[in-house]
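A look at the structure
Listed below, chain by chain, are the residues.
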Amino acid sequence: MENRLVESPAWKGLELHFGEIRDISLRSLFAGDAERGERFVVNDLGIYFDYSKHRITAETLNLLIRLADERGLGEKINAMFSGEKINITENRAVLHTALRAPKGSCIMVDGHNVVPDVHEVLEKMAGFANSIRSGEWKGFTGKTIRNIVNIGIGGSDLGPVMAYEALKFYAQRNLTFRFVSNIDGSDFAEAVYGLEAEETLFIVASKTFTTLETMTNARTARKWLLEKLQSDTAVASHFVALSTNEKEVSAFGIDTRNMFGFWDWVGGRYSMDSAIGLSTMIAIGPDNFCRMLDGFHQMDEHFRTTPFERNIPVIMGLLGLWYIDFFGAATQAVLPYDNYLKRFPAYLQQLTMESNGKHVTLDGTPAGYQTGAVYWGEPGTNGQHSFYQLIHQGTSLIPCDFIGFRTSLNPLPLHQDYLMANMIAQGEALAFGRSAGEVKKEGVPDWLVPHKVFEGNRPSSTFFMDRLTPEILGKLVAMYEHAVYTQGVIWGINPFDQMGVELGKVLAMKIIPELHDRQKTLEHDSSTNRLIRYYRG
Ligand code: F6P
């Protein structure tokens, strides 16, 4: 089936339909239906999802849902939730949903119920988090831990950083959190700048425990600590590991009693609610962490059980596909109007692009149609004073996700009104623009009119919620996870491997010894050879 997407009846129907509605404006769609702003809305789980400002009709949605049905989305959702090995290239189940399954549920992998394992780790994490938060856990010299440095990269960094920033309001403020990911030594140097080794805990987060960046930073951290504390035995009270690889953790010198495990059925970019979330749990406390997990779980259940026409992640995934494959949109902007979500777009970049950036379908043949879009964004209103110009008047079509909250966690007079007014106004401006006639009416001279025209017809979704809580964050993340899966299923690709990151890693390992050893003959292309020589100096 994988390769027949473009032959499927619904796809053909969408092609015809696209020809009919590509030039219809949002102005006329709204003018022709007074209820549109209510009709294309899902209000569930505390999320008001308005997708009326999309270039769709009821017919578009029917066809997209037919496409999802023809591609077997319902069965594929069940396959994922029930632990089938849908990550076929790595022969693995994909069960991030088990990480937030309530105690007592049963999810079998290879004849084993994994839910008790999940809860055992959560309890161990809670015990540890509480001992750091209360000051009971002491460093090597008997001092209380005040600084937590998470060392990880990709999914072992982006989730923890994003969640820490998003939920900082709920964090225990006498603890300092820093995050090291880059192999650039400056990242490590700045992360430990001003920290007392005696009061610092390093969390080494790596699913594989072999990643070059993380292991290099972890070794540097150990050296930094040992130089200051002058004893090898200090490692035990200042290092913990989050990993699936007990052997490598132990080889590094971390006592496996200080290791928090997870499993091969948790993808790196789907792991922020596994043991990888230890820094989040230390920051916000186990109760808040559980509220976040509950939010994830509620969205899982929504995705699993809600008919597609009211299913938030399914609709999101379908709309994304509509723009990517029919309108040729190459990017998708994510614009949170909440400063705490400043790292959310960066987090989504890995989630979406590492998942759906694939050129072949499950059977190994070229897709032949566009898959994953480039995700990017910045918080509003900052972005408005930077790149919004291109979204409003540029030549590319960039669908936008606006994310906002009715209540600010820091309700300073006027700020929230101004913030939300701006978010709402942006969606309105993008959709309806300002015509030449309207511009002229303002007395603008003819020559200037084209410069002041906003074509409009630029699509956006708005996600409106009451306030940013751990529970809502869980729902938002799960919502995007499942939208990604929806698209992956329809495109017939594997959203759960990441072979595309390997080649660069392999070539870097070859180049490392060539950088200083002038005896080594360089056998790359002429450009690469010259770059290596330039570095050699
Ligand atoms: O290089 C990509 C990647 O494999 C990501 O998928 C992953 O999140 C990241 O590296 C880090 O991997 P690990 O947690 O094993 O260190």
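Below or above, wherever it landed, is the structure these notes cover. Per chain, residue numbering runs from 1 following the sequence as it is written. The model is predicted, so local features are restricted to residues of pLDDT at least 70 and side-chain atom pairs to those at 80 or more, both for listing and for counting; the totals for chains, interfaces and linings are taken over all residues. No hydrogens and no water enter the side-chain calculation; it runs on all heavy atoms of the structure.

The next thing to look at is the overall build of the protein chain. Within the protein chain one finds 22 helices and 13 strands. Expected size for 537 residues packed as a compact globule is a radius of gyration near 24 Å; at 25 Å, the protein chain falls within 12% of this value. In terms of its C-alpha atoms, the protein chain occupies a principal-axis envelope of roughly 75 × 60 × 60 Å. Taking all 537 residues of the protein chain together, 55% fall into the buried category. Any two residues whose heavy atoms approach within 4.5 Å are treated as being in contact. Counting contacts in the protein chain only where the partners sit at least 6 residues apart, residues at least 24 apart contribute 74% of the total. The Shrake-Rupley method, run with a 1.4 Å probe, gives the accessible areas here. Residue values count only the displayed protein chains as cover. Accessible surface for the protein chain amounts to roughly 23400 Å². Of this, 52% is attributable to carbon and sulfur atoms. Computed over 52 positive and 63 negative side-chain charges, the separation of the two mean positions in the protein chain equals 4 Å. By definition, any uninterrupted DSSP run of H or I lasting at least four residues is a helix, any uninterrupted run of E lasting at least two residues is a strand, and each is numbered from the N terminus. Our radius of gyration looks at C-alpha atoms and nothing else; its globule reference is 2.2 Å times the residue count to the power 0.38. Burial status follows relative accessibility: with a 1.4 Å probe on protein chains alone, a residue under 20% of its type maximum counts as buried, one over 50% as exposed, and anything between as partly exposed. A positive count includes Lys and Arg, and a negative count includes Asp and Glu. His and the chain ends are not counted in either. The atoms used to mark charge sites are NZ of Lys, CZ of Arg, CG of Asp and CD of Glu.

When you tally the buried positions in helix H7 (residues 158-166), you get nine out of nine residues, the bulk of the element. Packed against the buried residues of H7 are strand E5 (147-151), strand E6 (176-180), helix H12 (278-284), helix H15 (344-356) and helix H20 (470-491).

Quick look at the packing of aromatic side chains now. The pairing test for Phe, Tyr and Trp rings, Trp by its six-membered ring, is centres within 6.5 Å, and the orientation test on the planes gives stacked under 30 degrees, edge-to-face over 60, and tilted for anything in between. In total, this model carries 32 aromatic pairs according to the counting rule given. Aromatic pair tryptophan 263 and tryptophan 265: ring centres 5.0 Å apart, planes at 5 degrees, arrangement stacked. A residue is classified by how much of its surface remains accessible, and tryptophan 265, at 5% relative accessible area, is buried. Over the face of the ring belonging to phenylalanine 30 we find arginine 36, whose NZ or CZ atom lies 5.3 Å from the ring centre. In this scheme, the term charge over a ring applies when either NZ of a lysine or CZ of an arginine sits within 6 Å of the ring centre and within 35 degrees of the ring normal.

A separate point is the pairing of E5. Burial analysis of E5 places five of its five residues in the buried class, which makes it a mostly covered element. Side chains Asn147, Val149 and Ile151 of E5 all project onto a buried face; the interleaved residues Ile148 and Asn150 project onto the opposite face, where all are buried too. Pairing between strands is defined by DSSP: at least two bridges between them are needed. As defined by bridge partners, E5 adjoins E6 across five bridges and the pair is classed as parallel. Residue valine 149 lies in a different strand from E6, and its bridge partner there is arginine 178. If the strands point away from the viewer and the path from the first strand over the helix to the second runs clockwise, then the crossover is right-handed. What joins E5 to E6 is H7, and the crossover it makes is right-handed.

What follows deals with the pairing of strand E7 (residues 200-205). Of all the six residues making up E7, six are buried; the element is thus mostly covered by neighbouring parts of the structure. On E7, burial covers both faces: Thr200, Phe202 and Val204 on one face and Leu201, Ile203 and Ala205 on the other are all buried. Both E5 and E7 contribute to a ladder of five bridges, which runs parallel. Residue asparagine 147 lies in a different strand from E7, and its bridge partner there is threonine 200. Pairing geometry for E7 and strand E8 (residues 239-243), over four bridges, is parallel. When the sheet's bridge partners are listed, valine 204 is paired in E8 with alanine 241.

Here we come to the site of the ligand. Residues are classed as near a molecule or strand on a simple rule: at least one heavy atom within 4 Å of it. Taken together, the neighbourhood of the ligand is formed by 14 residues, with Ser156, Ser206, Lys207, Thr208 and Thr211 sitting nearest. Within the contact set of the ligand, an oxygen atom lies 2.6 Å away from a side-chain nitrogen or oxygen of serine 206. N or O atoms closer than or at 3.5 Å make up a polar contact, with two conditions inside protein: a donor-capable atom paired with an acceptor-capable one, and, for residues adjacent in sequence, both atoms drawn from side chains. At a separation of 2.5 Å, an oxygen atom of the ligand approaches a polar side-chain atom of threonine 211. For the shell around the ligand, the per-class residue count stands at two nonpolar, nine polar and three charged. Residue classes follow a fixed rule: Ala, Val, Leu, Ile, Met, Phe, Trp, Tyr, Cys and Pro count as nonpolar, while Asp, Glu, Lys and Arg count as charged, and any other residue, Gly among them, counts as polar.

One fewer than the residue count of a helix, multiplied by 1.5 Å, yields its expected span. Taking 1.5 Å of rise per residue, the 20 residues of helix H13 (residues 286-305) would be expected to cover 28 Å, and the 28 Å separating its terminal C-alpha atoms lies within 8% of that figure. Where H13 is concerned, the buried positions are Pro286, Asn288, Phe289, Met292, Leu293, Gly295, Phe296, His297, Met299, Asp300, His302 and Phe303.

Each reported salt bridge corresponds to a side-chain nitrogen of Lys or Arg within 4 Å of a carboxyl oxygen of Asp or Glu. Within the structure shown, the criterion is met by 25 salt bridges. Across the pair lysine 510 and glutamate 514 runs a salt bridge, and its minimum N-O distance is 3.4 Å. Here glutamate 514 and lysine 510 lie together in helix H21 (residues 502-514), a separation of four residues that amounts to about one turn. We classify glutamate 514 as buried; its relative accessible area is 4%. A network of salt bridges, in which partner residues are shared, links Arg100, Asp273, Asp300 and Glu481.

Interaxial angle, 0 to 180 degrees, is taken between N-to-C directions of lines fitted to C-alpha atoms, where a helix line uses only the stretch in contact. Viewed as axis vectors pointing N to C, helix H14 (residues 312-327) and H20 meet at an angle of 50 degrees, and their least axial separation amounts to 8 Å. When the interaxial angle is binned, H14 and H20 end up oblique. The handedness of the crossing between H14 and H20 is right-handed. Together, Ile312, Pro313, Val314, Met316, Gly317, Leu318, Gly320, Leu321, Ile324 and Asp325 of H14 and Met479, Tyr480, His482, Ala483, Thr486, Gln487, Ile490 and Trp491 of H20 make up the contact between the two elements. Among the residues making up the contact of H14 with H20, the classes are represented as twelve nonpolar, five polar and one charged. Reported orientations rely on four angle classes, namely roughly parallel under 35 degrees, roughly antiparallel over 145, roughly perpendicular from 65 to 115, and oblique for the rest. Throughout, a crossing is termed right-handed when the near helix is turned clockwise from the far one, and left-handed when it is turned anticlockwise from it by less than a right angle.

Bringing the environment of serine 52 into the picture now. Among the secondary structure elements, serine 52 is positioned in the loop between strand E2 (47-50) and helix H4 (58-70). On the basis of relative accessibility, which here comes to 1%, the residue serine 52 falls in the buried class. Separated by 335 residues in sequence, serine 52 and phenylalanine 387 place their C-alpha atoms 24 Å apart. Filtering out sequence-adjacent residues up to four positions away, serine 52 remains in contact with Leu26, Phe30, Arg36, Gly37 and Phe40.

Excluding glycine, most residues fall at negative phi; most peptide bonds, likewise, are trans. A cis amide bond, omega 5 degrees, links glycine 380 with the succeeding residue threonine 381. Mapped onto the elements, threonine 381 comes out in the loop between strand E11 (374-376) and helix H16 (388-393). Of note, leucine 414 is a non-glycine position whose phi angle comes to about 75 degrees, a positive value. For leucine 414, the location among the structural elements is in the loop between strand E12 (400-405) and helix H17 (415-432). On the basis of relative accessible area, leucine 414 is assigned to the partly exposed category, the value being 49%. At asparagine 457, a residue that is not glycine, the phi angle is positive and equals roughly 65 degrees. Here asparagine 457 is to be found in the loop between helix H19 (449-452) and strand E13 (460-465). Given a relative accessible area of 13%, asparagine 457 falls into the buried group.

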